[in-house]
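Given next are the chains, with one letter for each unit.
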Amino acid sequence: KAGVTQTPRYLIKTRGQQVTLSCSPISGHRSVSWYQQTPGQGLQFLFEYFSETQRNKGNFPGRFSGRQFSNSRSEMNVSTLELGDSALYLCASSLGTELAYTGELFFGEGSRLTVL
Amino acid sequence: QQPVQSPQAVILREGEDAVINCSSSKALYSVHWYRQKHGEAPVFLMILLKGGEQKGHEKISASFNEKKQQSSLYLTASQLSYSGTYFCGTEADSWGKLQFGAGTQVVVTP
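Predicted model only: the values in this text are computed from it and were never measured.

Our focus in this paragraph is the overall build of chain B. Counting its regular elements, chain B contains 0 helices and 11 strands. Along its sequence from the N terminus, chain B presents helices and strands in the succession β-β-β-β-β-β-β-β-β-β-β. For chain B, the C-alpha radius of gyration of 13 Å lies close to 13 Å, the compact-globule estimate for 110 residues. Dimensions of chain B along its principal axes, counting C-alpha atoms only, are 40 × 25 × 20 Å. Per-residue burial over chain B gives 47% buried out of 110 residues. Once the 10 positive and 9 negative side-chain charges of chain B are each reduced to a mean point, those two points are 5 Å apart.

What follows is the structure, given as structure tokens:
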């Protein structure tokens, strides 16, 4: 069973540019969550998508956006990049079925973004 | 709101025990525990649910005090493979929104 796949794995951008990161969840998983990981802040919740709808959003500025497609693949976009956006961006998928709680998250390897 | 984890770091010798704590100011649906080794993705350890049900790891245990909205992860008879950063994740505001603490770095030495 293939795991969560994130692309690209590494990328370097300059301030003011924009970036799009992609996440392919495990087959059959309908929920995709995105996290920003930095050394001092741990895992910061960005947003969660379920069946193409953004169901939850964290406390990030509007420059951070995302979407989910009908095949559950998800993308996140960061516009007008700032130096502080340098981080590891992790995508996680879960079944997102009728459970009354979030089930096990399966994380991808992440996309490491460096903003110069 | 992120849960608060303590301690920030702990160093153990093989065979020793440790406890990692996680607390929230909000009523919780669930508490998750994950471990991340350096350069790798976080890996699921267990879920503790409101009502006491626990699902997860064989050799690492945890508790969930619903009254205090606190969870503790118990590393018993630690092994070298236990080294890594442990994160607790809490689900409080909304189903599907899992927020993580800052992490606890665990180093197990021979």
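So, about the layout of surface pockets. Taken as a whole, the largest pocket spans an internal volume of roughly 700 Å³. If you trace the largest pocket, you find 30 residues lining it, with Q37 and P39 of chain A together with Q36, H38 and T85 of chain B closest to the centre. At the level of secondary structure, the elements contributing two or more residues to the lining of the largest pocket comprise β4 (31–38), β9 (87–94) and β11 (111–115) of chain A together with β9 (84–91) and β11 (104–109) of chain B. For the lining of the largest pocket, the residue count by class is 9 nonpolar, 16 polar and 5 charged. Approximately 160 Å³ is the volume attributed to the second largest pocket. Lining of the second largest pocket is provided by E104, L105, F106, F107 and E109 of chain A together with E40, A41, P42, V43 and F44 of chain B. When the residues that make up the lining of the second largest pocket are grouped by side-chain class, the tally is 7 nonpolar, no polar and 3 charged.

On to the nonpolar core. Grouped together as the largest cluster of nonpolar side chains are 22 residues, with contacts concentrated most on I20, W33, L48, L73, L75, Y86 and V106 of chain B. Only β2 (9–13), β3 (18–23), β4 (30–36), β5 (43–49), β7 (60–65), β8 (70–75), β9 and β11 of chain B provide two or more residues apiece to this core. If sequence neighbours within four positions are ignored, L75 of chain B has contacts with E16, D17, A18, I20, I60, Y82, Y86 and V106 of chain B. Core analysis: the second largest hydrophobic core is formed by 21 residues, W34, L81, L113 and V115 of chain A among them.

What follows concerns the side chain of S78 of chain B. Residues and elements named next belong to chain B. Structurally, S78 is set in the loop between β8 and β9. A polar atom in the side chain of S78 sits 3.3 Å from the backbone oxygen of R13. Ignoring sequence-local partners within four residues, the contact set of S78 consists of L12, R13, E14, G15, E16 and V108.

With 25 residues of chain A at the interface, the matching set in chain B holds 24 residues. Carbon and sulfur atoms supply 56% of the area buried between chain A and chain B, which totals about 2000 Å² over both sides. Per-residue buried area on chain A facing chain B is highest for L43, Y101 and T102 of chain A; these three make up 30% of the total on that side. Inspection of the region where chain A meets chain B yields 5 residue pairs in polar contact (both at pLDDT 80 or more). Elements with a minimum of two residues in the side of chain A that touches chain B: β4, β5 (42–50) and β6 (53–57) of chain A. The element contributing the most residues to the side of chain A that touches chain B is β5 of chain A, with 5 residues. Counted by class, the side of chain A that touches chain B contains 9 nonpolar, 10 polar and 6 charged residues.

Further remarks concern the sheet that holds strand β1 (residues 5–7) of chain A. All names here are of chain A. Taking strand neighbours across the sheet as the criterion, the 4 strands line up as β1-β3-β8-β7 in an open arrangement whose pairing is antiparallel. For this open sheet the edge positions go to β1 and β7 (64–68), each flanked by a neighbour on one side alone. On average, each strand axis in the sheet is inclined to that of its neighbour by 15°, with strand direction left out of account.

A word on the sheet that holds strand β1 (residues 4–6) of chain B. Residue and element names in this part refer to chain B. Strand order in this open sheet of 4 strands is β1-β3-β8-β7, and the pairing throughout is antiparallel. The open sheet has two edge strands, β1 and β7, and neither has a second partner. The average undirected angle you get between the axes of adjacent strands in this sheet is 15°.

Another aspect to go through is the state of the cysteines. What the rule picks out here adds up to 2 disulfides over all chains. Between the sulfur atoms of C23 of chain A and its disulfide mate C91 of chain A the distance is 1.7 Å. Taking the sign of the S-S torsion, -50° for the link of C23 of chain A and C91 of chain A, the bridge is left-handed. Of this pair, C23 of chain A sits in strand β3 (residues 19–24) while C91 of chain A sits in strand β9; the two residues are 68 residues apart in sequence, bridging distant segments of the chain. Each member of the pair, C23 of chain A as well as C91 of chain A, is classed as buried. With a sulfur-sulfur separation of 2.0 Å, C22 of chain B is cross-linked through a disulfide to C88 of chain B. Every disulfide takes its handedness from the sign of the S-S torsion; for C22 of chain B and C88 of chain B that torsion is 70°, giving right-handed. Here C22 of chain B is found in strand β3, whereas its partner C88 of chain B is found in strand β9, with 66 residues between them in sequence. For C22 of chain B, a relative accessible area of 2% puts it in the buried group.

Rules used throughout
Residues numbered from 1 in each chain as written. Chains lettered and ligands numbered in written order. Predicted model: local features only at pLDDT ≥ 70, side-chain atom pairs only at ≥ 80, totals over all residues. Heavy atoms only, no water. Helix = DSSP H or I, 4+ residues; strand = E, 2+ residues; numbered from the N terminus. Rg over C-alpha atoms; globule rule 2.2 N^0.38 Å. Buried < 20%, exposed > 50% of the residue type's maximum accessible area, 1.4 Å probe, protein only. Lys, Arg positive; Asp, Glu negative; His and termini not counted. Charge placed at Lys NZ, Arg CZ, Asp CG, Glu CD. 1 Å grid on protein atoms, 1.4 Å probe; cavity = no way out; pocket = protein on both sides within 12 Å on 5 of 7 lines; lining within 4 Å. Points joined across faces, edges and corners; volume = space filled by probe spheres on them. Nonpolar A, V, L, I, M, F, W, Y, C, P; charged D, E, K, R; others polar. Core = buried A, V, L, I, M, F, W, Y, C linked by side-chain atoms within 4.5 Å. Contact = heavy atoms within 4.5 Å. Polar contact = N/O pair within 3.5 Å; in protein donor to acceptor, adjacent residues only side chain to side chain. Buried area = accessible area lost by both parts, 1.4 Å probe. Pairing = 2+ DSSP bridges. Axes fitted to C-alpha atoms, helices over the stretch in contact; angles between N-to-C directions. Disulfide = S-S within 2.5 Å.

Read these as spatial facts, not as claims about activity.
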